[in-house]
Amino acid sequence: MVVAFYVIGGEQGDWTVLSVSGELDLVTSPALRQRVHDVVADGRHSLVLDLSEVFFCDSSGVGVLIAARRLIRSCRGSLRLILPAQGAVDGSHVNRVLGALGVRRLFDVYADVDDAVSEEAGPLSA
């Protein structure tokens, strides 16, 4: 897994975008968990997790996503997920895993970074 980190400034404030690629599993999920904690510790509470390049996600990866949601919400922040544009239609792997576990509805999912950081675009339906 490669975690890229960059910040995008938006009209309504700054969003922190973490791009994740490869596998999000027992071995790699601690790196994402730590990165999310680092972002929050730096005082950034508007977070986008770009999962469009994740081709495998197990229950530990889902656990990190749920923990990130809980942490961001405790700071009165916002968490948005990016799944591939076709994710809501024919299902990306992460979208299918979240749906199978019944937690997809917990997340605001967007097709791309531009939509996620826009205050005008709404999330994709569950």
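Residues numbered from 1 in each chain as written. Predicted model: local features only at pLDDT ≥ 70, side-chain atom pairs only at ≥ 80, totals over all residues. Heavy atoms only, no water.

Engineer: Whenever I open this one, the packing of helix H1 (residues 29–41) against helix H2 (residues 59–74) confuses me. Can you help?
Structural biologist: Describing two packed helices takes the angle between their axes plus the distance from one axis to the other. The interhelical angle for the contact between H1 and H2, taken along N-to-C directions, is 10 degrees, at an axis separation of 9 Å. In terms of their interaxial angle, H1 and H2 are classed as roughly parallel. Every residue of H2 that contacts H1 at Ser29, Leu32, Arg33, Val36, His37 and Val40 is listed here: Ser60, Gly61, Gly63, Val64, Ala67, Ala68, Leu71 and Ile72. Taken together, the residues of the contact of H1 with H2 break down into 8 nonpolar, 5 polar and 1 charged. (Axes fitted to C-alpha atoms, helices over the stretch in contact; angles between N-to-C directions. Helix = DSSP H or I, 4+ residues; strand = E, 2+ residues; numbered from the N terminus. Parallel < 35°, antiparallel > 145°, perpendicular 65-115°, else oblique. Contact = heavy atoms within 4.5 Å. Nonpolar A, V, L, I, M, F, W, Y, C, P; charged D, E, K, R; others polar.)

Engineer: Help me understand the nonpolar core, please; the structure alone is not making it clear to me.
Structural biologist: General note: in soluble globular proteins, nonpolar side chains tend to be found buried as a group. If you look at the biggest cluster of nonpolar residues, it comprises 26 residues, and the most contacted ones within it are Leu49, Leu51 and Leu81. Contributing elements (two or more residues each) for this core: strand S2 (13–24), H1, strand S3 (46–57), H2, strand S4 (78–82) and helix H4 (93–100). In this structure, Leu49 is in contact with Leu18, Leu32, Val36, Leu65, Leu79, Arg80, Leu81 and Ile82, ignoring residues within four places of it in sequence. Core analysis: the second largest hydrophobic core is formed by 8 residues, Trp15, Ile82, Val113 and Val117 among them. (Core = buried A, V, L, I, M, F, W, Y, C linked by side-chain atoms within 4.5 Å. Buried < 20%, exposed > 50% of the residue type's maximum accessible area, 1.4 Å probe, protein only.)

Engineer: Got a minute to help me understand the pattern of salt bridges in this structure?
Structural biologist: Side chains that differ in charge, positive against negative, can pair when their charged atoms come close. Going through the model one piece at a time under the given rule, you end up with 1 salt bridge. The residue Arg44 makes a salt bridge to Asp42 at a minimum N-O spacing of 2.9 Å. By relative accessible area, Asp42 is classed as exposed at 55%. (Salt bridge = Lys/Arg side-chain N within 4 Å of Asp/Glu carboxyl O.)

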